[in-house]
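Chains, contacts and geometry: an overview
What follows is the residue order along each chain.
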Amino acid sequence: MQKAQEHLKNVTGKSFTLDGAKKWSLGGESGWDFSVKGFEHSQVMITQSGGLERIYLNQPWSELKDS
């Protein structure tokens, strides 16, 4: 979770809280699926080994960092 939160902060310049852990399994992989608190359309998938599988956050371009 911490890696995902750090990645989101690096991209957006803001800190986010992950919420609603749900277990997932796809092929030979498994892990947890979170939403980003305060965003209706968001998804953070973390593998069982702690790797980031996917981050999706519906946020306007104007709210992202310039870099």
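Residues numbered from 1 in each chain as written. Predicted model: local features only at pLDDT ≥ 70, side-chain atom pairs only at ≥ 80, totals over all residues. Heavy atoms only, no water.

Observations regarding the sheet that holds strand β4 (residues 52-57)
Note the cut-off: Two strands pair if DSSP finds at least two bridges between them. Strands are runs of DSSP state E lasting at least two residues, helices are runs of H or I lasting at least four, and both sets are numbered from the N terminus onward. In this analysis, axes come from line fits to C-alpha atoms, helices being fitted only over the stretch in contact, and the angle between any two N-to-C directions falls in the range 0 to 180 degrees.
Strand order in the open sheet made by the four strands is β1-β2-β3-β4, with antiparallel pairing throughout. Since the sheet does not close on itself, it has two edges, and those belong to β1 (18-26) and β4, each with one partner. When the angles between neighbouring strand axes are averaged without regard to direction, this sheet yields 20°. Pairing geometry for β1 and strand β2 (residues 29-36), over seven bridges, is antiparallel. Following the sheet pairing, Leu26 is matched in β2 by Glu29.

A closer look at the nonpolar core
Across soluble globular proteins, nonpolar side chains have a tendency to be buried as a group. How we decide: In this text, buried Ala, Val, Leu, Ile, Met, Phe, Trp, Tyr and Cys residues form a nonpolar core when linked through side-chain atoms within 4.5 Å. Only protein chains enter the area calculation, which uses a 1.4 Å probe; residues under 20% of their type maximum are buried, those over 50% are exposed, and those in between are partly exposed. Any two residues having at least one pair of non-hydrogen atoms within 4.5 Å are treated as being in contact.
Membership of the largest hydrophobic core is limited to nine residues, which are Ala4, Leu8, Phe16, Leu18, Phe34, Val36, Val44, Ile46 and Leu57. Elements that contribute at least two residues to this core include exactly α1 (2-12), β2 and β3 (42-47). With residues near it in sequence (within four places) discarded, Leu57 still touches Leu8, Thr12, Phe16, Val36, Phe39, His41 and Ser42.

Some thoughts on α1
What counts is decided by this rule: Comment: arc refers to directions from the helix axis out to C-beta atoms.
When we look at burial in α1, the residues that qualify are Ala4, Leu8 and Thr12. Across the axial projection of α1, the buried residues extend over an arc of 50°, all falling on one side. Of the exposed residues in α1, those oriented more than 90 degrees away from the buried face are Gln2, Lys3 and Asn10. Tucked inside the fold, the buried residues of α1 contact β1, β2, β3 and β4. Following α1 by one or two positions, Gly13 has its phi on the positive side, about 80°.

Some details on the packing of aromatic side chains
Threshold: Each Phe, Tyr or Trp ring, with Trp reduced to its six-membered ring, pairs with another whose centre is within 6.5 Å; inter-plane angles below 30 degrees give stacked pairs, above 60 give edge-to-face pairs, and intermediate values give tilted ones. Put simply, a charge is over a ring when the Lys NZ or the Arg CZ is close to the ring centre, within 6 Å, and near the line of the ring normal, within 35 degrees.
Applying the stated criterion across every chain, the model contains one aromatic pair. Ring geometry for Phe16 against Phe39: centres 5.4 Å apart, planes inclined by 65°, an arrangement best described as edge-to-face. Residue Phe16 is located in the loop between α1 and β1, and its partner Phe39 is located in the loop between β2 and β3; the two are separated by 23 residues in the primary sequence. When the ring centre of Trp32 is taken as reference, the NZ or CZ atom of Lys23 above it lies at 4.6 Å.

Quick word on the side chain of Ser42
Under the convention used in this document: Residues adjacent in sequence count toward polar contacts only when both atoms are side-chain atoms; beyond that, a polar contact is any pair of N or O atoms within 3.5 Å, and within protein one must be able to donate a hydrogen and the other to accept it.
Considering the arrangement of structural elements, one finds Ser42 in strand β3. For Ser42, the side chain forms a polar contact with the main-chain nitrogen of Val36, separated by 2.8 Å. Among the polar contacts listed, one links the side chain of Ser42 to the backbone oxygen of Phe39, at a separation of 3.5 Å. Aside from chain neighbours lying at most four places away, what touches Ser42 is Phe34, Ser35, Val36, Tyr56 and Leu57.

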